[in-house]
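These are the residues of each chain, in order.
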Amino acid sequence: MDVIIETERLLLRTFTINDASLIYELNIDPEVTRYTHDPIRDIDHAQEVLEKTILPQYALYNHGRWAVHIRSSMQFVGWCGLKYRSELNEVDLGYRFQRQAWGKGYATEAAYACIKYGFEKLGLDRIVGRAETGNAGSCRVLEKCGMKYIGDQVTEGHPARTYELYNPFIPGSGL
Ligand SMILES: CC(C)(COP(=O)(O)OP(=O)(O)OC[C@H]1O[C@@H](n2cnc3c(N)ncnc32)[C@H](O)[C@@H]1OP(=O)(O)O)[C@@H](O)C(=O)NCCC(=O)NCCS
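Residues numbered from 1 in each chain as written. Predicted model: local features only at pLDDT ≥ 70, side-chain atom pairs only at ≥ 80, totals over all residues.

## Some details on helix 2 (residues 43–61)
Working step 1: Across its 19 residues, helix 2 extends 26 Å between first and last C-alpha, which sits within 8% of the 27 Å expected from 1.5 Å per residue.
Working step 2: Those residues of helix 2 lying buried are A46, L50 and I54.
Working step 3: Of the surrounding elements, those touching the buried residues of helix 2 are helix 1 (20–27) and strand 3 (65–70).
Working step 4: Of the residues trailing helix 2, N62 is marked for its positive phi of about 70°. (Helix = DSSP H or I, 4+ residues; strand = E, 2+ residues; numbered from the N terminus. Expected span 1.5 Å × (residues − 1). Buried ≥ 20, exposed ≤ 12 C-beta atoms within 10 Å, placed from the backbone. Contact = placed C-beta atoms within 7 Å.)

In structure tokens form, the structure reads like this:
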């Protein structure tokens, strides 16, 4: 298992080619994809997302969306991580957790650790977070991580709030 980050309660690892069922089961809940608008059709679709979207990011950018497990039980609870968006030339913070794992602070704990990893280990200059306007939980996660709200925009047809954070370890970053 390729562990990238450990926090007090969580472990973040790279997904592997064998994780399609985890992606499928996470996204089968309509509440989980309510604001992301990307339901998974079947296990083949999950495999395709894994192979074409999630796994290539690791090799290309040395980061990506990572599987999140509870350290004490190794139960899979969702994913969190950084994703380079070439069309915007920016690194995006994202997360998605099983409904039974919501409300325990896991998203904030994992998201904060990913930001720290991005700045300290990867030396990124800036990290961006976007959440659909109605997705109060996701907006709150970004705010709790110290990200700064910079405005609204329409992303893929849906109104979204955009947040950003500059690397405090890079002098002049964000000026
Ligand atoms: C958004 C999501 C990741 C939040 O996960 P979570 O583990 O419940 O988040 P946390 O427990 O870390 O909570 C963070 C804060 O958000 C608040 N929050 C969580 N859900 C909320 C909701 N529906 N409405 C208002 N506030 C909410 C929490 O109360 C907490 O704030 P507080 O500490 O001030 O009380 C989770 O709901 C999820 O996976 N949703 C589906 C996927 C998704 O929408 N991803 C984001 C796409 S932009």
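Alright, that's what it looks like, and here's the rest.
## So, the site of the ligand
Working step 1: Around the ligand sit 21 residues, and of these W102, A107, T108, G137 and R140 come closest.
Working step 2: Listing elements by their share of the shell around the ligand, those giving two or more residues are strand 5 (90–97), helix 3 (106–120) and helix 4 (136–144).
Working step 3: Of all the elements, helix 4 adds the most residues to the shell around the ligand, at six residues.
Working step 4: Considered class by class, the residues forming the shell around the ligand number ten nonpolar, seven polar and four charged. (Near = placed C-beta within 6 Å. Nonpolar A, V, L, I, M, F, W, Y, C, P; charged D, E, K, R; others polar.)

## Quick word on the nonpolar core
Working step 1: Core analysis: the biggest nonpolar cluster contains 40 residues, and V68, C80, Y95, A110, A111, C114 and I115 have the highest contact counts within it.
Working step 2: Per element, the largest residue contribution to this core is eight residues, and it comes from helix 3.
Working step 3: Aside from chain neighbours lying at most four places away, what touches V68 is L10, L12, V77, G78, W79, C80, Y106 and A110. (Core = buried A, V, L, I, M, F, W, Y, C linked by C-beta atoms within 7 Å.)

## Some remarks on the packing of helix 1 against helix 2
Working step 1: Packing of helix 1 against helix 2 leaves a shortest axis separation of 8 Å and a crossing angle of 115°. Between helix 1 and helix 2, the interaxial angle falls into the category roughly perpendicular. Judged by the sense of rotation from one axis to the other, the crossing of helix 1 with helix 2 is right-handed. Of the residues in helix 2, those in contact with A20, S21, I23 and Y24 of helix 1 are I43, A46, Q47, V49 and L50.
Working step 2: Residue classes in the contact of helix 1 with helix 2 are distributed as seven nonpolar, two polar and no charged. (Axes fitted to C-alpha atoms, helices over the stretch in contact; angles between N-to-C directions. Parallel < 35°, antiparallel > 145°, perpendicular 65-115°, else oblique. Left-handed = near helix turned anticlockwise from the far one by under 90°.)

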